[in-house]
Amino acid sequence: MSDRAKAYVPREGETVRDSRRRLNGVYMDTQGGQVYLRPEGGGVEWTVRPEHVAPLADGCGDGEEAEG
């Protein structure tokens, strides 16, 4: 059995946390092993590895958005 934690799999349109960039983003899709997120207010998508995607914890919405 692997020691690696299973990556969180969000629903399309769900707001999640990019733990690497410390930003919230809206989940769009997963393709080629990359997760595609976009800023909550709209804008340019960015990619992140699945292990850096986490559900929002209560009170985690700190207003940070990706700038693009």
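1. Thoughts on the pairing of strand β1 (residues 15-18)
Regular strands place side chains that alternate from one sheet face to the opposite one.
Here's step 1: Looking at chain direction, β1 and strand β2 (residues 23-31) are connected through four bridges and run antiparallel. Counted as the bridge partner of D18 is L23 from β2.
Here's step 2: Joining the antiparallel neighbours β1 and β2 is a turn of four residues, in which R22 adopts a positive phi near 60°.
Here's step 3: Direction of pairing for β1 relative to strand β5 (residues 53-55): antiparallel, over a ladder of three bridges. By the bridge assignment for β5, R17 is matched with A54.

2. Quick look at the pattern of salt bridges
Here's step 1: Summed over the entire model, instances satisfying the criterion amount to two salt bridges.
Here's step 2: Linking R11 and E14 is a salt bridge whose minimum nitrogen-to-oxygen distance equals 3.7 Å.
Here's step 3: Relative accessible area serves as the criterion here: at 59%, R11 is assigned to the exposed category.
Here's step 4: Among the residues examined, E14 registers a relative accessible area of 13% and is labelled buried.

3. Notes on unusual backbone geometry
Here's step 1: Not every positive phi belongs to a glycine, and R22 is a case in point at roughly 60°.
Here's step 2: Structurally, the position occupied by R22 is in the loop between β1 and β2.

4. Regarding the sheet that holds strand β3 (residues 34-38)
Here's step 1: Strand order across the open sheet formed by five strands is β4-β3-β2-β1-β5, with antiparallel pairing between neighbours. Of all strands in the sheet, those bounded by a partner on one side alone are β4 (46-48) and β5. The mean inter-strand angle of the sheet, taken between neighbouring strand axes irrespective of direction, is 55°.

Criteria and cut-off values
- Residues numbered from 1 in each chain as written.
- Predicted model: local features only at pLDDT ≥ 70, side-chain atom pairs only at ≥ 80, totals over all residues.
- Heavy atoms only, no water.
- Pairing = 2+ DSSP bridges.
- Helix = DSSP H or I, 4+ residues; strand = E, 2+ residues; numbered from the N terminus.
- Salt bridge = Lys/Arg side-chain N within 4 Å of Asp/Glu carboxyl O.
- Buried < 20%, exposed > 50% of the residue type's maximum accessible area, 1.4 Å probe, protein only.
- Axes fitted to C-alpha atoms, helices over the stretch in contact; angles between N-to-C directions.

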